[in-house]
Amino acid sequence: MAKLRKTIMVRLLAIMLVVLSAGNVFAADNEQEQREQFKEGARLWPVYCAQCHNARPGSEFSPEQWDSILMHMRTLPNLPAKDARAILTYLKLSH
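A few points on the structure. This is a predicted model, so every value here is computed, not measured.

What the largest pocket holds in volume is close to 350 Å³. Lining of the largest pocket is provided by 17 residues; of these, Trp-45, Cys-49, His-53, Ile-69 and Met-73 occupy positions nearest its centre. With four residues, helix α3 (residues 63-73) is the single largest residue contributor to the lining of the largest pocket. Counted by class, the lining of the largest pocket contains 12 nonpolar, three polar and two charged residues.

Pasting the structure below:
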């Protein structure tokens, strides 16, 4: 039981570090960079997400909810941080 708790705590800490290191999705230096992230997220969404999830409008969840959702989903497909940021930008800006 203690080993399970330790494993859970390590995973939670890793997720928190990923989220903190990812920064704010809207911290893009300019609109061009944000557009590029959006395009990359649109390209990556089918690769990482569509295998298990149906397409949903980005407006289905708030930006804060997308942060939480992606934080939880990031560990399952071994999603790299750069790709996670692009997908998060895509989901947050898709309406």
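Moving on to the packing of α3 against helix α4 (residues 81-93). At a minimum axis distance of 10 Å, the contact between α3 and α4 shows a crossing angle of 150°. α3 and α4 meet at a crossing whose hand is right-handed. Of α4, the residues touching α3 (which contributes Pro-63, Trp-66, Asp-67 and Leu-70) are Ala-84, Ile-87, Leu-88, Leu-91 and Lys-92. Partitioning the contact of α3 with α4 into residue classes produces seven nonpolar, no polar and two charged.

Attention now moves to the state of the cysteines. Evaluation of the coordinates by the stated rule reveals zero disulfides. Unpaired in terms of disulfides, Cys-49 finds its nearest cysteine sulfur in Cys-52, a separation of 9.0 Å. For Cys-49, a relative accessible area of 15% corresponds to the buried category.

A few words on the environment of Gly-41. Here Gly-41 lies in helix α2 (residues 31-48). Accessibility expressed as a relative area gives 0% for Gly-41, which makes it buried. C-alpha of Gly-41 to C-alpha of Leu-91: the two residues are 50 residues apart in sequence and 7.8 Å apart in space. When near neighbours in sequence (up to four residues on either side) are disregarded, Gly-41 contacts Ala-86, Ile-87 and Tyr-90.

Summarising the element assignment, Ala-86 is placed in helix α4. Placed 49 residues apart in sequence, Ala-86 and Gln-37 show a C-alpha to C-alpha distance of 4.7 Å. Beyond its immediate chain neighbours, meaning those up to four positions away, Ala-86 contacts Gln-37, Glu-40, Gly-41 and Leu-44.

What counts and how
Residues numbered from 1 in each chain as written. Predicted model: local features only at pLDDT ≥ 70, side-chain atom pairs only at ≥ 80, totals over all residues. Heavy atoms only, no water. 1 Å grid on protein atoms, 1.4 Å probe; cavity = no way out; pocket = protein on both sides within 12 Å on 5 of 7 lines; lining within 4 Å. Points joined across faces, edges and corners; volume = space filled by probe spheres on them. Helix = DSSP H or I, 4+ residues; strand = E, 2+ residues; numbered from the N terminus. Nonpolar A, V, L, I, M, F, W, Y, C, P; charged D, E, K, R; others polar. Axes fitted to C-alpha atoms, helices over the stretch in contact; angles between N-to-C directions. Left-handed = near helix turned anticlockwise from the far one by under 90°. Contact = heavy atoms within 4.5 Å. Disulfide = S-S within 2.5 Å. Buried < 20%, exposed > 50% of the residue type's maximum accessible area, 1.4 Å probe, protein only.

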